[in-house]
Amino acid sequence: MSTRSPVAGTAAPVAHRPASPTGTLRLGTALVLGGAVAEYGVTTLHPASEAPDHHSAVFAEYAASDAWIAVHLGQFAAGLVLLAGVLVLLRGLRAAGAAALLVRVGEAAAIVTGAVFAVLQAVDGVALKQAVDSLAAAPGELRAAAFHDAEIVR
């Protein structure tokens, strides 16, 4: 079957059926669950053998981690998949007749959550790694200042 119109060189518009609320809700649920499972899986790779409040030991552990930034990028990606699932679920609720205000508030909350999560991963995943790497490489006379900088980022 051709989608060409009788006028040469132009394509006839293709009709798109809106997704059913059930299909949209299933997709959203799959994205939320997939994002949560991925988040858990990636987080298991996060270095965590030292007590978080023992800063000198935990900073050394973080500085020794070669996967630190990759783990945080993975956490960010998994979190975005989860949040995309929430947005798809909200779209399904809208199609099913949910209150528009409830859906809009949910969408706004999901978007704000994504922005805050991006900042968290940037600080913890990139800035903290840079600070602990600087601490590990700092000469003796600058070690206290580098340690203080790492504590501020943490």
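A brief structural summary. What you see is a predicted model; the values in this text were computed from it and never measured.

## Quick look at the nonpolar core
Argument step 1. Counting 12 residues, the largest nonpolar core is built from Val58, Phe59, Tyr62, Ala63, Trp68, Leu128, Ala131, Val132, Leu135, Ala138, Ala146 and Ala150.
Argument step 2. Going through the elements one at a time, helix H2 (55–64), helix H4 (100–137) and helix H5 (143–153) are the ones with two or more residues in this core.
Argument step 3. If we ignore the near neighbours within four places in the chain, the residues touching alanine 63 are Lys129, Val132, Asp133 and Ala136.

## A closer look at the packing of helix H3 (residues 68–95) against H4
Argument step 1. In the contact formed by H3 and H4, the axes pass within 10 Å of each other and the chain directions differ by 180 degrees. Classed by the angle they form, the pair H3 and H4 counts as roughly antiparallel.
Argument step 2. Residues belonging to the contact of H3 with H4 are distributed by class as follows: 12 nonpolar, eight polar and four charged.

## Let's talk about the environment of isoleucine 69
Argument step 1. Structurally, isoleucine 69 can be placed in helix H3.
Argument step 2. You can call isoleucine 69 partly exposed: its relative accessible area is 32%.
Argument step 3. With sequence-adjacent residues up to four places away left out, isoleucine 69 is seen in contact with Gly125 and Lys129.

## A look at a nonpolar patch on the surface
Argument step 1. Residues Ile69, Leu73 and Val126 make up a contiguous nonpolar surface patch of roughly 240 Å² in combined accessible area.
Argument step 2. Inspection of the secondary structure puts leucine 73 in helix H3.
Argument step 3. You can call leucine 73 exposed: its relative accessible area is 54%.

## Brief notes about helix H1 (residues 21–43)
Argument step 1. Compared with the 33 Å implied by 1.5 Å per residue over 23 residues, the 32 Å span of H1 between its first and last C-alpha is a close match.
Argument step 2. Three or more residues of H1 are buried, namely Thr24, Gly28, Gly35 and Val42.
Argument step 3. Structurally, H1 contributes buried residues whose contacts are with H3.

## A few points about the environment of alanine 137
Argument step 1. Considering the arrangement of structural elements, one finds alanine 137 in helix H4.
Argument step 2. With 74 residues separating them in the primary sequence, alanine 137 and alanine 63 have C-alpha atoms 9.6 Å apart.

## Remarks on H3
Argument step 1. The terminal C-alpha atoms of H3, which comprises 28 residues, lie 41 Å apart, in line with the 40 Å expected from a rise of 1.5 Å per residue.
Argument step 2. Those residues of H3 lying buried are Trp68, Val71, His72, Gly74, Gln75, Ala78, Gly79, Leu83, Gly85, Val88, Leu90 and Gly92.
Argument step 3. On its buried face, H3 sits against H1, H2 and H4.
Argument step 4. With its phi angle positive at about 100 degrees, glycine 97 sits one or two positions after the end of H3.

Thresholds, definitions, all that
- Residues numbered from 1 in each chain as written.
- Predicted model: local features only at pLDDT ≥ 70, side-chain atom pairs only at ≥ 80, totals over all residues.
- Heavy atoms only, no water.
- Core = buried A, V, L, I, M, F, W, Y, C linked by side-chain atoms within 4.5 Å.
- Buried < 20%, exposed > 50% of the residue type's maximum accessible area, 1.4 Å probe, protein only.
- Helix = DSSP H or I, 4+ residues; strand = E, 2+ residues; numbered from the N terminus.
- Contact = heavy atoms within 4.5 Å.
- Axes fitted to C-alpha atoms, helices over the stretch in contact; angles between N-to-C directions.
- Parallel < 35°, antiparallel > 145°, perpendicular 65-115°, else oblique.
- Nonpolar A, V, L, I, M, F, W, Y, C, P; charged D, E, K, R; others polar.
- Patch = residues over 30% accessible without salt bridge, like charges linked within 9 Å, V, L, I, M, F, W, Y side chains within 5 Å.
- Areas by Shrake-Rupley, 256 points an atom, 1.4 Å probe, with all protein chains shown as cover.
- Salt bridge = Lys/Arg side-chain N within 4 Å of Asp/Glu carboxyl O.
- Expected span 1.5 Å × (residues − 1).

Purely geometric numbers; function is a separate question.
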